[in-house]
Amino acid sequence: DQQVKQNSPSLSVQEGRISILNCDYTNSMFDYFLWYKKYPAEGPTFLISISSIKDKNEDGRFTVFLNKSAKHLSLHIVPSQPGDSAVYFCAASGSGTSYGKLTFGQGTILTVHP
Amino acid sequence: NAGVTQTPKFRVLKTGQSMTLLCAQDMNHEYMYWYRQDPGMGLRLIHYSVGEGTTAKGEVPDGYNVSRLKKQNFLLGLESAAPSQTSVYFCASSYNKVTSGSFSTDTQYFGPGTRLTVL
């Protein structure tokens, strides 16, 4: 049972345009959501997070939106740069589960073309 | 400050062999985790530890054992390796904190990964 789903395995975007990565979840106990970025042969690195008490969090070119009623979050990258090409994982955690446990989506491969 | 390091980076085992993966962190984090990443599956939690001397099962614990004898180290053991354990293994650590009256997951910092092949 995949509790966190990223339904788009890949996304291709032109440099300078917006990249939108989507993530859906099913567990209503999740109250904290994160995005991680992963380059080949490296471990995932934290990008941005959002608590369920907010519906938007912004950090430079990266913005995460949370729609609790739809159990959906998205990551917007504006403007996209070739260095953003990587695998992006969304992850979720809940206060009702064991502390610190993250449930990850399958990942979306983002390719930004010059 | 090395962050999270993993040893070894690559390993090839034969079915039935045993091995131990070592994870070390120098950030004084309380929490440590072992994940495995398989194609199309994302990262799945194997075991985790909320402090020195404690361990707990994650999503896919079967076939693995762990130990946290020192705060900075988290060991993942395979007693009898199977081809199904061919994967990339990631260790992570975090310093959990309480926010807004409920526990939230602090940022998890990941190591570079260990690529394990079981023949």
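So, here's what we can say about the structure. (Residues numbered from 1 in each chain as written. Chains lettered and ligands numbered in written order. Predicted model: local features only at pLDDT ≥ 70, side-chain atom pairs only at ≥ 80, totals over all residues. Heavy atoms only, no water.)

## Looking at the overall build of chain A
Here's step 1: If you tally the helices and strands in chain A, you get zero helices and eleven strands.
Here's step 2: Order of helices (α) and strands (β) in chain A, N terminus to C terminus: β-β-β-β-β-β-β-β-β-β-β.
Here's step 3: By the compact-globule yardstick of 13 Å for 114 residues, chain A fits well, its C-alpha radius of gyration being 14 Å.
Here's step 4: Overall size of chain A, expressed as C-alpha extent along the three principal axes, is 45 × 30 × 20 Å.
Here's step 5: Relative to its 114 residues, chain A shows a buried fraction of 45%.
Here's step 6: Contacts spanning at least 24 positions in sequence make up 56% of the contacts within chain A whose residues lie at least 6 apart.
Here's step 7: If you sum the accessible surface of chain A, you get close to 5300 Å²; carbon and sulfur atoms cover 49% of it.
Here's step 8: Across chain A, the mean location of the 10 positive side-chain charges is 3 Å away from that of the 9 negative side-chain charges. (Helix = DSSP H or I, 4+ residues; strand = E, 2+ residues; numbered from the N terminus. Rg over C-alpha atoms; globule rule 2.2 N^0.38 Å. Buried < 20%, exposed > 50% of the residue type's maximum accessible area, 1.4 Å probe, protein only. Contact = heavy atoms within 4.5 Å. Areas by Shrake-Rupley, 256 points an atom, 1.4 Å probe, with all protein chains shown as cover. Lys, Arg positive; Asp, Glu negative; His and termini not counted. Charge placed at Lys NZ, Arg CZ, Asp CG, Glu CD.)

## Brief notes about the state of the cysteines
Here's step 1: In this structure the tally under the stated criterion is two disulfides over all chains.
Here's step 2: Through a disulfide, Cys 23 of chain A is tied to Cys 90 of chain A; the S-S separation comes to 1.9 Å. What sets the handedness of the Cys 23 of chain A and Cys 90 of chain A disulfide is the S-S torsion sign, and at about 60 degrees it is right-handed. Here Cys 23 of chain A, found in strand β3 (residues 19–25), pairs with Cys 90 of chain A, found in strand β9 (residues 86–94); they are 67 residues apart in sequence, far enough to count as distant.
Here's step 3: Looking at Cys 90 of chain A, the relative accessible area reads 1%, which means it is buried.
Here's step 4: Here Cys 23 of chain B is linked by a disulfide to Cys 91 of chain B, with a sulfur-sulfur distance of 1.8 Å. On the S-S bond that ties Cys 23 of chain B to Cys 91 of chain B, the torsion sits near -75 degrees, and the link is left-handed. Placement of the pair is Cys 23 of chain B in strand β3 (residues 19–25) and Cys 91 of chain B in strand β9 (residues 87–94), with a sequence separation of 68 residues. Each member of the pair, Cys 23 of chain B as well as Cys 91 of chain B, is classed as buried. (Disulfide = S-S within 2.5 Å.)

## Some details on the pattern of salt bridges
Residue and element names in this part refer to chain A.
Here's step 1: Enumeration over the complete set of coordinates arrives at six salt bridges over all chains.
Here's step 2: The salt bridge involving Glu 58 is made with Lys 56; its shortest N-O contact spans 3.9 Å.
Here's step 3: On the basis of relative accessible area, Lys 56 is assigned to the partly exposed category, the value being 42%.
Here's step 4: Salt-bridge contacts for Arg 61 lead to Asp 84; the nearest nitrogen and oxygen are separated by 2.8 Å. Of this pair, Arg 61 sits in the loop between β6 (56–59) and β7 (62–67) while Asp 84 sits in the loop between β8 (72–77) and β9; the two residues are 23 residues apart in sequence, bridging distant segments of the chain.
Here's step 5: Residue classification places Arg 61 among the partly exposed positions, given a relative accessible area of 23%.
Here's step 6: Residue classification places Asp 84 among the buried positions, given a relative accessible area of 2%. (Salt bridge = Lys/Arg side-chain N within 4 Å of Asp/Glu carboxyl O.)

## Considerations on the sheet that holds strand β1 (residues 4–5) of chain A
All names here are of chain A.
Here's step 1: One open sheet accounts for five strands, arranged β1-β3-β8-β7-β6; its pairing is antiparallel. Looking at which strands have only one partner, the edges of the open sheet turn out to be β1 and β6.
Here's step 2: In terms of strand pairing, β7 meets β8 through six bridges, oriented antiparallel. Across the sheet, the residue bridging to Leu 66 is Leu 73, located in β8. (Pairing = 2+ DSSP bridges.)

Note that every value here comes from positions in space, so none of it alone points to a role or purpose.
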